[in-house]
Amino acid sequence: MTEITTEKYIESASQALKDQTLQSALANVQGRLGPGTAAAYRNLAEGPDLRLKAHEIREHAVNNLDILLETLAGNIRSNGGKVFFARTARNAVDYCLDLAKTFKVSQAVKGKSMVTEEIGLNPAMEAAGMEVNETDLGEYIIQLAGEHPSHIIAPAIHKTRQQVGKLFSEKLDIPYTENPPELTHAARKALREKFLSADMGISGCNLACAETGHITLVSNEGNIRMSTTLPRVHVAVMGMERVVANLEDHEILFRLLSRGAAAQKLGGCVTYIGGPGGPEFPDGPEEFHLIILDNGRSRILADPEFREILCCIRCSACLNACPVYGKIGGHAYGSTYCGPIGAVLTPLMVGINRAKDLCLGESLCGACQQACSVNIDLPRMLRELRARLADGDPDWDVTPVSRTEKGVYRAWAFLVNHPGLYRLFLKLGALGQKIFPKNKEMISSMPGPAKGWTQTRDIPPIAKTPFRDQWKKLNSNKR
Ligand code: SF4
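Fair warning: this is a prediction, and the values are worked out from it, not measured in the lab.

Right, let's get into the nonpolar core. Grouped together as the largest cluster of nonpolar side chains are 118 residues, with contacts concentrated most on Leu72, Met200 and Leu290. The greatest single-element share of this core, amounting to 8 residues, is contributed by helix α5 (residues 89-102). Not counting chain neighbours up to four residues away, the residues in contact with Met200 comprise Cys96, Leu99, Ala100, Val105, Gln107, Ala108, Val109, Met125, Pro231, Val233 and Val235. If you look at the next biggest cluster of nonpolar residues, it comprises 16 residues, including Ala187, Leu191, Phe195 and Ala198.

Below you can see the structure in the form of structure tokens.
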């Protein structure tokens, strides 16, 4: 599995806020894709409400996963493909390694795939002595840089062209240039050799259709087509939730996927794969293997409060709308999945206590749900995660984060339910707050557990005249 560093969220986010290059890259991607996606939904013949229909489609698929996956597997097998159900990341990686051994693979090419990041496939294959080359330009850049993706569909969004120019000049041994077409040409030239010499092609899976028994892959560069057809063996890895029932459902989701991902009506290159090549499809590989990965998804499926997250089609629209992602970028989340989707999914996959800062760090503004191509209620699940952190949950091995905080909120609930006591509290508070240091009439520092409230901003003091009294006075003056 890819290294998880969610514990460093606060530290990494603080560093990201100071990184001016990252700040302008994030502003650029959100400024471009956020409004573009909203316009693309509006321009659908069915209008933005198609997202609601898509949500139903995904819910239906998630609620019928067992049947749909069996149908998908059956259809792929009857087309000559092989299907492996991997319970864990390790099982999936071992299957790939065994396959590579059988076919004496020394080089592999890979299309962009977050699920292979999730299982840590590249390091495992490299440790087994193989060369794995990413073929999506963004992935290729970060592979050369020795980094991880910072965005689901734009993995190198945090890099400037000057940084890419320097990287290519060092790693590809070419004269320095920061001209994008020249950089792209250099990557293309280097990758052509890799495509031709690879024995194995690896891809993810954007969507799978049970009825027809095919997987769909979308790219803007055509690299996935070459990765999946040129090598002798093609292995596709899919999260088990990515299946839909039929072609009609598939078509609706697919239209929304392109719009949510890049505000496009259609992805540049769309590849449908249902099995290996043969007399009818001479361009296909000799072997096609589909790995259907669980890796904690069954546990999520079993919890009615969280199973909605399995409706996600990884379009990344929520990242492009999220004010938190827009400031801290993807690396701060410290796991494969970042942004609002990561803030829900990562705690469920790696441990709610362990990744608590991710869900506590989101603003609950609701922009993610509005942007989501399948209208997932991410804010509801973020709140649910916070509730589990507050109350504890043995089913998810969650221990309450802070008994003090819970006690404080209980006391607060008691106060607001007893107006007399509440008023007395405010009066005492107004007197007590005089001891706190001020900055232009605002409280600039508070002690103990309350200090977080004033760490990065000043807060207004309790008003001398409570709103309730001001309201009464206002109304009596009107009469
Ligand atoms: S949660 Fe919605 S917007 Fe975010 S990646 Fe998933 S489908 Fe896309």
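Moving on from the model shown.
Bringing the site of the ligand into the picture now. As a matter of local geometry, the ligand sits amid Cys312, Ile313, Arg314, Cys315, Ser316, Ala317, Cys318, Cys372, Ser373, Val374, Ile376 and Leu378. More than half of the atoms belonging to the ligand lie within 2 Å of the grid points that define the largest cavity. Residue composition of the shell around the ligand, by class: 9 nonpolar, 2 polar and 1 charged.

Summed over the entire model, instances satisfying the criterion amount to 7 aromatic pairs. Ring geometry for Tyr140 against Phe168: centres 6.2 Å apart, planes inclined by 65 degrees, an arrangement best described as edge-to-face. One end of the pair, Tyr140, is in helix α8 (residues 137-145); the other, Phe168, is in helix α9 (residues 161-171), with 28 residues separating them in the sequence. In this pair, the class of Tyr140 matches that of Phe168, namely buried. Among the aromatic residues, those joined into a ring-pair cluster are Trp412, Tyr422 and Phe425. Just above the ring of Tyr41 sits the side chain of Arg51; from NZ or CZ to the centre is 5.5 Å. Sitting over the face of the ring of Tyr337, Arg314 holds its NZ or CZ atom 4.6 Å from the ring centroid.

With 14 residues, α5 should cover 20 Å at 1.5 Å per step; its first-to-last C-alpha distance of 20 Å lies within 8% of that length. By the burial criterion, the buried members of α5 are Ala89, Ala92, Val93, Tyr95, Cys96, Leu97, Leu99 and Ala100. Here the buried face of α5 lies against β1 (82-86), α6 (114-119), α7 (121-127), β4 (200-203), β7 (233-239) and β10 (287-293). Immediately downstream of α5, the backbone of Lys104 shows phi near 50 degrees, a positive value.

All right, on to the pattern of salt bridges then. Applying the stated criterion to the full structure yields 22 salt bridges. Here Glu131 and Lys194 are joined by a salt bridge, their closest N and O atoms 3.0 Å apart. Residue Glu131 is found in strand β3 (residues 131-134), and its partner Lys194 is found in helix α10 (residues 180-197); the two are separated by 63 residues along the sequence. Overall, the relative accessible area of 25% leaves Lys194 in the partly exposed class. Residue Arg388 is joined to Glu384 by a salt bridge in which the shortest nitrogen-to-oxygen separation is 2.8 Å.

Reading the values: the criteria
- Residues numbered from 1 in each chain as written.
- Predicted model: local features only at pLDDT ≥ 70, side-chain atom pairs only at ≥ 80, totals over all residues.
- Heavy atoms only, no water.
- Core = buried A, V, L, I, M, F, W, Y, C linked by side-chain atoms within 4.5 Å.
- Buried < 20%, exposed > 50% of the residue type's maximum accessible area, 1.4 Å probe, protein only.
- Helix = DSSP H or I, 4+ residues; strand = E, 2+ residues; numbered from the N terminus.
- Contact = heavy atoms within 4.5 Å.
- Near = heavy atom within 4 Å.
- 1 Å grid on protein atoms, 1.4 Å probe; cavity = no way out; pocket = protein on both sides within 12 Å on 5 of 7 lines; lining within 4 Å.
- Sits in = over half its atoms within 2 Å of the grid points.
- Nonpolar A, V, L, I, M, F, W, Y, C, P; charged D, E, K, R; others polar.
- Phe/Tyr/Trp six-rings, centres within 6.5 Å; stacked < 30°, edge-to-face > 60°.
- Lys NZ or Arg CZ within 6 Å of the ring centre and 35° of its normal.
- Expected span 1.5 Å × (residues − 1).
- Salt bridge = Lys/Arg side-chain N within 4 Å of Asp/Glu carboxyl O.

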